[in-house]
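Read off the chains here:
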Amino acid sequence: MNDQLIQLPGCVVVCDTMDELLGRLGQAWADAAKQAVAKQGVFHAALSGGSTPKPFYEMLASDARYSDLPWAKTHLWIVDERRVPEDDEQNNYRMIHGALVDRVAVPAGQVHPVPVLADDPAAGYEQELRRVFGDEGTARLDFVVLGMGDDAHTASLFPGSPALSVYDKWVVNNIGPQVTPPPRITMTYPLLNAARHVAVLATGSKKAPTLRRVEKQLSDHGPDSRELPITGIKPTDGTLTWYLDAAAVG
Ligand code: 6PG
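Read on for a plain summary of the structure. Since the model is a prediction, treat every value here as computed from it, not as a measurement. (Residues numbered from 1 in each chain as written. Predicted model: local features only at pLDDT ≥ 70, side-chain atom pairs only at ≥ 80, totals over all residues. Heavy atoms only, no water.)

**Regarding the packing of helix α1 (residues 18-40) against helix α2 (residues 54-62)**
We apply this condition: Angles run from 0 to 180 degrees between N-to-C directions of axes, and those axes are lines fitted to C-alpha atoms, restricted for helices to the stretch in contact. Each helix is a run of DSSP H or I of at least 4 residues and each strand a run of E of at least 2, with the numbering of both proceeding from the N terminus. Note on angle classes: values under 35 degrees are labelled roughly parallel, values over 145 roughly antiparallel, values of 65 to 115 roughly perpendicular, and the remainder oblique. For a crossing to be left-handed, the near helix must be turned anticlockwise from the far one by less than a right angle; the clockwise case is right-handed. Residue contacts are defined here by distance: any two heavy atoms, one from each residue, within 4.5 Å place the two residues in contact. Ten residues, namely Ala, Val, Leu, Ile, Met, Phe, Trp, Tyr, Cys and Pro, are considered nonpolar, four, namely Asp, Glu, Lys and Arg, are considered charged, and the remaining ones, Gly among them, are considered polar.
α2 packs onto α1 with a crossing angle of 60 degrees between their chain directions and a minimal axis gap of 10 Å. Put simply, α1 runs oblique to α2. The chirality of how α1 crosses α2 is right-handed. Facing L22, G23, L25, G26 and W29 of α1, the residues of α2 in contact are P55, F56, M59 and L60. Among the residues making up the contact of α1 with α2, the classes are represented as 7 nonpolar, 2 polar and no charged.

**Concerning the sheet that holds strand β10 (residues 239-245)**
What counts is decided by this rule: Any two strands with at least two DSSP-identified bridges between them are counted as paired.
On the basis of which strands lie adjacent, the open sheet formed by 7 strands has the order β1-β10-β9-β6-β2-β3-β5 and parallel pairing. Both outer strands of the open sheet, β1 (11-15) and β5 (111-112), are each paired with one neighbouring strand and no more. Across 3 bridges, strand β6 (residues 143-146) lies against strand β9 (residues 197-202) in parallel orientation. Its bridge partner being in β9, L146 is matched across the sheet by V200.

**Let's talk about the sheet that holds strand β4 (residues 80-82)**
Reading across the sheet, the 3 strands line up as β4-β8-β7 and stay open at both edges, with antiparallel pairing between neighbours. Because the sheet does not close on itself, it has two edges, and the strands there are β4 and β7 (171-174). Here the average twist between neighbouring strands, direction ignored, is 15 degrees. Pairing of β4 with strand β8 (residues 184-187) involves 3 bridges; the strand directions are antiparallel.

**Thoughts on the pattern of salt bridges**
This is how it is decided: Should a side-chain nitrogen of Lys or Arg be within 4 Å of a carboxyl oxygen of Asp or Glu, the pair is scored as a salt bridge. Relative accessibility decides the category of a residue: with a 1.4 Å probe and only protein chains considered, values under 20% of the type maximum give buried, values over 50% give exposed, and everything between is partly exposed.
Taken as a whole and assessed by the stated rule, the structure comprises 12 salt bridges. Close ionic contact of R130 with D135 constitutes a salt bridge, the shortest N to O distance being 3.0 Å. Here E227 and R213 are joined by a salt bridge, their closest N and O atoms 3.5 Å apart. Residue E227 is located in the loop between α6 (208-220) and β10, and its partner R213 is located in helix α6; the two are separated by 14 residues in the primary sequence. Judged by its relative accessible area of 36%, E227 is partly exposed. Through salt bridges that share partners, E126, R130 and D135 make up one connected network.

**Considerations on helix α4 (residues 121-133)**
Spelled out, the test is: For a helix, the expected span equals 1.5 Å multiplied by the number of residues minus one. Each direction from the helix axis to a C-beta atom contributes to the arc, which is the arc of those directions.
Taking 1.5 Å of rise per residue, 13 residues should cover 18 Å, and α4 covers 18 Å from first to last C-alpha, within 8% of that figure. Buried residues of α4: P121, A122, Y125, E126 and L129, and no others. All buried residues of α4 lie within an arc of 130 degrees about the axis, which places them on one face of the element. Among the exposed residues of α4, those pointing more than 90 degrees away from its buried face are Q127 and R131. Against β3 (74-78), β5, β7, β8 and α5 (189-193) lie the buried residues of α4. Just downstream of α4 lies G134, where phi reads positive at about 90 degrees.

What follows is the structure, encoded as C-alpha cells:
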C-alpha cells in the first residue's frame, strides 16, 4: 500500500495485484459487517454494478476467508440500476445475483433489487429503504461499493445530469443526454454520503487519466461534481477509501 502515488480525499489503498487489492477491500467489508452486527444487529451494504466489482463479489461468496461473514444479518441494496428487466444482461442486479446473492445465505427478504418495471422505480426503491430504515433522518448504509466511469461518474450520477442536484430524495430516476442508456435509477448524494463506509474500487489503466483529472481538479480549485461526479462523494460522518491497483494510478 502506498498513499503517496496519488492525492485523493480520504484514504488511498494502492496494491500491485488484484488479489491483494480485493483482499484489502474484503477485509474492510468484513470489519464493517462484524462491527455493524455487533452494534446494531444488522449490516446494510449497497453494491454497484459494472464490470470492476464482479470479482470482488465472487470472492466474498467463495473465498474461505469470508466464510464467517454474517450473511443472515446482512441486507444487500443496489447503488444504481439500469431500467431494463432483470434478465437483461445490462441489469446490475442480474450480475450481483449471479456473483454473490445466489451463492451466500442472505435471507430473501433482505435482498433488495430495484423494482425496474414499476411506474416509478426510484420512488418504489426509496419506499423500500424507508420501510426498512424508517423515516427518521437519512438512512445510514454501513458499506457502499462504488465504481467510477471514465467520465468520473459514479453510481448513475453522470456529469451534468439532473440527479446530481437532487438533495431531497434518497433515490432518483436519471435520464438525459449525459446518462449512458438505458435510463437509470440511482442513489443520490445525500444517501451515499450518509454511509458509514464508502469504498471506491477503480482498476486498470483506463481509469488512470480520470483519477488524475480528479486529483488535479481537487488540488486546483476544489470539487466540481457537475463535471466530475465522483468528487461529490464526501461522507458526512463516514470513511471514504479508494481501492486502486497500480495500473489505475499510472
Ligand atoms: C453502472 C455502475 C457504474 C459503474 C461505472 C464503472 O451501473 O454502470 O454502477 O457506476 O460503477 O460505470 O463501471 P466499470 O466497473 O464497468 O468500469
